[in-house]
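Residue-level listing of the chains:
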Amino acid sequence: MSAFPSRPTAPCAGHPDGPGERLVWYAAYGSNLNPDRLARYLRGGRPPGAALAHPGCRDPRPPRRRTTTTLPGTLYFATTSTLWGGGRAFYDPHAPGWTACAAYLITAGQFSDIAAQEMRRSPGTDLDLGPVLATGRHRLGPGRYETLLRPGDLDGHPLLTFTAPWDLAGAAALLNPPSPAYLRNIATALVRVHRWGPWRTAAYLATRPGAAPCWTTSTVCDALGPP
């Protein structure tokens, strides 16, 4: 398995190597595309536009590196977020299309604590990553973001993410457009991290299942605001 960044990785300051630490890439496809949003999961706090605060990780240091990548499969919006209102972002690796991601090189412990916060669990316990590393998929529970995926490897480290246990077809009755604040967070990150223009960003998001037909390219551009 392999994944390829769209440009060379960029180092992040303030994260010296620790002996014996297992490193993994966390592939973020939703609001954590935004590095400032991810920092709330690492250090704790409430992101702008969100209703709740996060406790943070045991290890609050920033990622060692950050890059962009695209994964096969589709981003879609479904269920209702208590944090943002509106639909949440999910990823189906088997649906047609591709998904834009930010990849963060972090420790396995940090990935465990980020995943726990997404699962509305208390951080502090390392996940057993053995099953997902061996098979590419491991379901930890029935809830949203409780299924771990390994879409591939990047620069010698496993690339991991999490999503719902159902696929896009199974989520048909759950599709739900995202709130303006949530969509704006993702759109801003695509402009900042992937360096897309506003129109390309809006066209990508407006055509994801769950966003359409409520959101259009024009209304996403309006939500993003002036360039």
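Preceding this section is the structure that the text describes.
Some words on empty space enclosed by the protein
Item 1. Applying the stated rule across the entire model yields one cavity of 30 Å³ or more.
Item 2. Roughly 190 Å³ of internal volume is contained in the largest cavity.
Item 3. Lining the largest cavity are 20 residues, and of these Ser-31, Tyr-41, Glu-118, Tyr-145 and Tyr-182 lie nearest its centre.
Item 4. For the lining of the largest cavity, the elements supplying multiple residues, two or more each, are β2 (23–28), α1 (35–43), β5 (88–92) and β9 (157–163).
Item 5. In terms of residue class, the lining of the largest cavity is built from ten nonpolar, five polar and five charged.

Description of the pattern of salt bridges
Item 1. In total, this model carries eight salt bridges according to the counting rule given.
Item 2. Here Asp-36 and Arg-192 are joined by a salt bridge, their closest N and O atoms 2.9 Å apart. Placement of the pair is Asp-36 in helix α1 and Arg-192 in helix α4 (residues 180–194), with a sequence separation of 156 residues.
Item 3. What makes Asp-36 partly exposed here is its relative accessible area of 47%.
Item 4. Note on Arg-192: relative accessible area 42%, which makes it partly exposed.

Focus: the pairing of β2
Item 1. Burial analysis of β2 places six of its six residues in the buried class, the great majority of the element.
Item 2. Both faces of β2 are covered, namely the face carrying Leu-23, Trp-25 and Ala-27 and the face carrying Val-24, Tyr-26 and Ala-28.
Item 3. For β2 and strand β6 (residues 98–107), the ladder comprises six bridges, and the chain directions are antiparallel. Within β6, the position partnered with Ala-27 by the bridge is Ala-103.
Item 4. Two elements, β2 and β9, share two bridges in a ladder whose sense is parallel. Residue Trp-25 lies in a different strand from β9, and its bridge partner there is Leu-159.

Scoring rules and cut-offs
Residues numbered from 1 in each chain as written. Predicted model: local features only at pLDDT ≥ 70, side-chain atom pairs only at ≥ 80, totals over all residues. Heavy atoms only, no water. 1 Å grid on protein atoms, 1.4 Å probe; cavity = no way out; pocket = protein on both sides within 12 Å on 5 of 7 lines; lining within 4 Å. Points joined across faces, edges and corners; volume = space filled by probe spheres on them. Helix = DSSP H or I, 4+ residues; strand = E, 2+ residues; numbered from the N terminus. Nonpolar A, V, L, I, M, F, W, Y, C, P; charged D, E, K, R; others polar. Salt bridge = Lys/Arg side-chain N within 4 Å of Asp/Glu carboxyl O. Buried < 20%, exposed > 50% of the residue type's maximum accessible area, 1.4 Å probe, protein only. Pairing = 2+ DSSP bridges.

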